[in-house]
Amino acid sequence: MPNPVGKLPSELDQLPDRDAEETAEWAASLDAVTEHAGPHRAAYLMRRTLQHAESAGVPVPALLETDYLNTIPTAAEPAFDGDEAMESRIAGWNRWNAAAMVTRGSRLGVGGHIATFASAAWLYETGFNHFFRGKESKDSPGSGDQLYIQGHASPGIYARAFLDGRLTEEHLDNFRQEAGGKGLPSYPHPRRLPWLWEFPTVSMGLGPLSAIYQARFNRYLTNRGIKDTSASHVWAFLGDGEMDEPESTAALALAAREGLDNLTFVINCNLQRLDGPVRANFKIVQELESQFRGAGWNVVKSLWGSAWDELFALDTTGALVRRLRAVPDAQFQTYATRDVAYIREHFFGAEPALVELAKLLTDAKIAECFHTSRGGHEARKVYAAYRAALAHQGAPTVVLAQTVKGYTLGTGFESRNANHQMKKLSGEQFRTMRDLLELPIPDSKLTEELVPYGHPGADSPEVRYLQERRAELGGPAPARRVHAVALPEPSEKAFQSVYKGSGKQSVATTMAFVRLVKDLMRDKETGRRWVPIVPDEARTFGMEALFPSAGIYSPLGQTYDPVDRDQIMYYKEAKDGQILNEGITEAGSMADFIAAATSYATHGETMIPFYIFYSMFGWQRTGDQMWQLADQLGKGFIVGATAGRTTLTGEGLQHADGHSHLLAATNPASLNYDPAFAYEVAVIVKDGLRRMYGQAAPGEDSDVFYYLTVYNEPMPQPAMPEGVEEGIVKGLYRFKEGVPAKADSPRLQLLASGTAIHWVLEAQELLAAEWGVTADVWSATSWGELRRDALECDEALLRGEQRTPYVTRALEGAPGPVLAVSDWMRQVPDQISQWVEQDYSSLGTDGFGLSDTREAARRHFGVDARSITVAALAQLARRGEVPASAVKEARERYGL
């Protein structure tokens, strides 16, 4: 079909045009407007037409970017439900105390951030006074809203808690001084201040990602009938610079796709990041608007304060709006710091219409507009934006609020590139700030060495107003509440089926774990609380059997007929599905895990998540989130499947994990196990359920999570020997004692974890049959737990307590040297070397992985049975227990 309208080919050329003449008339009308009224008038008419079409339900694509204006005009703002003057006084006290706290601490060099909260104060105050539900909320009991506070704004949250009576001056004076036990953490850290903070956010990018999956998990709880969280709303407060982190925008499409209208992002667009402008030559607000609209979000822009209303009313030609849209952020930041003459010349002097407009404006009006009047600094503007966000249905909302970084801190701070690194105000700056905020603090108080904290009094109108508002909204916020209810112990039946072994059937420990959990999910009391999480590798790990029985969670259910519906293990999605199959996103899966692992505190509903993944793509790829999980006091099972450097044949370097246990060992909350047999997996899972969800023993920390590595190498699984449970949990037990051929046979101890136990057992036979050497084989289920226990014993010794590490006691009296073997780098088993009294050496898979058969890979790394045999002989030869010639003979015999 020929193109009747434009000169360039268009996809519309492929569609039937039922009335080409009418189409040509519309195009001609647009050409006429452009010619006679200008392109800006034509663009305005087109946008109005598109807007009208959208409101009329005509299916046309929405614009990705709007003018640099407030989404909600002043005339359309809802009535403000509060006392603005009172809230202004409260905000003033909070601004003052936040600045005073950081300044007082700066004398000790502990640092702190002032400018971020100064710019965002009204974004928080308006929420606390009118929107954020507390844990005692009548419509959301035990849950309230979930608040992801921007990390650098923490001083302002502490200041409000001080005004509310939840913190004292002593607390504020211990900001960033935690060693004494009375301090306040620098940023939102639940592990350090567990009654206040719910979510750690200062590892930038993780807050927005977690907020999306928290909102999604709230819907999951509701749809599965665990708890009605429909009244809970997730608020994520973010910086515009933080949006550069890839995690910040990684899940925007998920939030829109699932219609998470229980989620609001509030992005503080002060146009600055840590070192300078966010988009020096561009406009970050416009970029973010396009990004969020393109992902399907509702966008509310709150850019200009009410002082701009007069300017917009005078802009009869649209020149002002065009100029605002054209000025890059770095230049607008400059306007906020320069005098009126500069603004008249460089902003209004850009075109004649603006010159004429500026003649109608006083210097005071221009200074107010360009220096301080921003939508994010006015309670009414923020209130209107939040109301619009809550009213919008069917999609999440982002509020883009423009502010001045360092607002109210004086000209030395406001909009300065260095203000993120500025840690204190001078006495003169405090006096200026006091006058601006109209606080009743006399000059005499400001002559002291330390600027004072300010408080209107526990029974003052300000404090009463604040507390009444919070009471109406359901109590203090932010707040973390734990109503610990121990889950009943699951049926022993599921564990017993694993303890008895697999007989002649070969079963990989990955499959053993999945089968165990499948049986535990059938438990009448606790089964529904399991949350299986997998990043699009369920079939790799043998989890497809869970699809028909548990179902894959989808808020839409299954709107299609699956291609494999005629098979037993077909792909089944359900609105109440139990499995979270996230697609190819380890970061999203970890965010799921964190939401589920902390539901016991967030919602008062204990869930048991297990997240299973290629072990290479866990700690290495999402280790930051593992720390977030620890900081948030999460509980659950993280499972690194297809573990080890040599068990995953053919996949090669990028899939061969020989180091995740080293990474995991750095996290104090992670209990790391490398079980060799299915029954060890069962014992560890059972103990984890007891410790995390049942009755922890005295002195045990229940706020931990378990990292298990399991293997894809099918092997016959033996039955559990008697009396080994304690050793499995503690990390070491003797699995198979060697039988000496004669009384004076050389002897040694072979320690192995995971799949390496099979190589060591073969080496035990070779040593006995071919070299007359007796070896005892030990299963080291956890090098990390052995080390943790030993370190605790060392600390006790410094306190004057006599304690012997478990690993030392377990190996006490065991004859000969010790050789430790694993499918990991030697540093993993070497974690325990200093507490082993015998001569100690290790074998491991140091270096890069490679593609080959298991046998060839193990020979390459020197960990196969024959290599172990040679290493054992070499260790004995150094002690003079076998001749050195035996080592050479063995190498030649085995082709090493």
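For the structure itself, consult the block above.
Residues numbered from 1 in each chain as written. Predicted model: local features only at pLDDT ≥ 70, side-chain atom pairs only at ≥ 80, totals over all residues. Heavy atoms only, no water.

**Considering the overall build of the protein chain**
Just so we agree on the cut-off: Secondary structure elements are taken from DSSP: a helix is a run of H or I of four residues or more, a strand is a run of E of two residues or more, and numbering for both begins at the N terminus. Buried residues are those whose accessible area, probed at 1.4 Å on protein chains only, stays under 20% of the maximum for their type, while exposed residues exceed 50% and partly exposed ones sit between those limits. In this description, accessible areas are obtained by the Shrake-Rupley approach with a 1.4 Å probe, and a residue is regarded as covered only by the protein chains that are shown. Under the counting rule used here, the positive set is Lys and Arg, the negative set is Asp and Glu, and His together with the chain ends is not counted. Where a charge sits is defined by one atom per residue type, namely NZ (Lys), CZ (Arg), CG (Asp) or CD (Glu).
The helix and strand tally for the protein chain stands at 34 helices and 20 strands. Summarising its shape, the C-alpha atoms of the protein chain cover approximately 110 × 85 × 50 Å along the three principal directions. Counting the 896 residues in the protein chain, one finds 57% classified as buried. Carbon and sulfur atoms form 51% of the exposed surface of the protein chain, whose accessible area is close to 36700 Å². Here the protein chain contributes 90 positive and 115 negative side-chain charges, whose respective centroids are spaced 2 Å apart.

**Looking at a negative patch on the surface**
We count it as follows: Think of a patch as exposed residues, more than 30% relative accessible area, with no salt bridge, where like charges cluster within 9 Å and nonpolar side chains (Val, Leu, Ile, Met, Phe, Trp, Tyr) cluster within 5 Å. Should a side-chain nitrogen of Lys or Arg be within 4 Å of a carboxyl oxygen of Asp or Glu, the pair is scored as a salt bridge.
On the surface, Asp-17, Asp-19, Glu-21, Glu-22 and Glu-25 cluster together into a negatively charged patch. Here Glu-25 is to be found in helix α1 (residues 20-37).

**Topic: the environment of His-661**
Stated precisely, the cut-off is as follows: Two residues qualify as a contact provided that any one of their heavy atoms is within 4.5 Å of a heavy atom in the partner residue. In the analysis that follows, any N or O atom pair within 3.5 Å is treated as a polar contact, provided that within protein one partner can donate a hydrogen and the other can accept it, and provided that, for residues neighboring in sequence, both atoms belong to side chains.
Structurally, the position occupied by His-661 is in helix α26 (residues 660-665). Remark: the alpha-carbon pair of His-661 and Ala-99, spanning 562 residues in sequence, is separated by 43 Å. The residues touching His-661, leaving out its near neighbours within four places in the chain, are Asn-672, Tyr-673, Asp-674, Tyr-707, Thr-709, Trp-824 and Val-828. Among the polar contacts listed, one links the side chain of His-661 to the side chain of Thr-709, at a separation of 2.8 Å.

**Description of the pairing of strand β4 (residues 298-302)**
As a reminder of what qualifies: Pairing between two strands requires that DSSP report at least two bridges joining them.
Taken across its five residues, β4 has five buried, putting it largely inside the fold. Of the two faces of β4, the one carrying Asn-298, Val-300 and Ser-302 and the one carrying Val-299 and Lys-301 are both buried. Relative to strand β5 (residues 397-402), β4 runs parallel, the two being bridged by five bridges. Bridging from a neighbouring strand, Lys-301 pairs with Leu-400 of β5.

**Considerations on the sheet that holds strand β14 (residues 705-709)**
Rules: Comment: axis = line fitted to C-alpha atoms, over the contacting stretch for helices; angle = value between 0 and 180 degrees taken between N-to-C directions.
With parallel pairing, the six strands of this open sheet are ordered in space as β10-β7-β11-β12-β14-β13. Looking along the sheet, the strands with just one partner apiece sit at the ends: β10 (580-581) and β13 (670-673). Each of β11 (608-614), β12 (637-641), β13 and β14 touches helix α25 (residues 619-631); the most contacted strand, β14, lies at about 160° to it.

**Some details on the packing of aromatic side chains**
What counts is decided by this rule: Two aromatic rings from Phe, Tyr or Trp, using only the six-membered ring of Trp, form a pair when their centres are within 6.5 Å; if the ring planes differ by under 30 degrees the pair is stacked, by over 60 it is edge-to-face, and anything between is tilted.
If you walk through the whole model with that rule in mind, you get 46 aromatic pairs. Aromatic side chains Tyr-335 and Phe-347 sit 5.7 Å apart centroid to centroid with 85° between the ring planes, which places their arrangement in the edge-to-face category. Of this pair, Tyr-335 sits in helix α13 (residues 329-335) while Phe-347 sits in the loop between α14 (340-346) and α15 (352-359), and the two are twelve residues apart along the sequence. Here Tyr-335 matches Phe-347 in class, with each residue buried.

**Let's talk about the sheet that holds β4**
If you trace the five strands from one edge of the open sheet to the other, you get β1-β2-β3-β5-β4, paired in parallel fashion. With one partner strand each, in any of the chains shown, β1 (146-148) and β4 form the two edges of the open sheet. Averaged over all adjacent pairs, the angle separating strand axes in this sheet is 15°, with direction ignored. Sitting on the sheet, helix α4 (residues 115-130) is in contact with β1, β2 (234-239), β3 (263-269) and β5, with an inclination near 150° to β3.

**Considerations on helix α16 (residues 363-371)**
Our working definition: This arc describes the spread of directions from the helix axis toward the C-beta atoms.
Taken together, the buried positions of α16 are Lys-365, Ile-366, Cys-369 and Phe-370. Buried positions in α16, seen along its axis, are confined to an arc of 110° and lie on one side of it. Elements that come into contact with the buried residues of α16 comprise α11 (309-314), α13 and α14.

**Focus on helix α17 (residues 379-391)**
What counts is decided by this rule: For a helix, the expected span equals 1.5 Å multiplied by the number of residues minus one.
Here α17 contains 13 residues, and its C-alpha end-to-end distance of 18 Å stays within 8% of the 18 Å for a straight helix at 1.5 Å per residue. Among the residues of α17, those classed as buried are Ala-379, Lys-381, Val-382, Tyr-383, Ala-384, Ala-385, Tyr-386 and Ala-389. Where α17 is buried, its residues meet α4, β2, β3, β4, α11 and β5.

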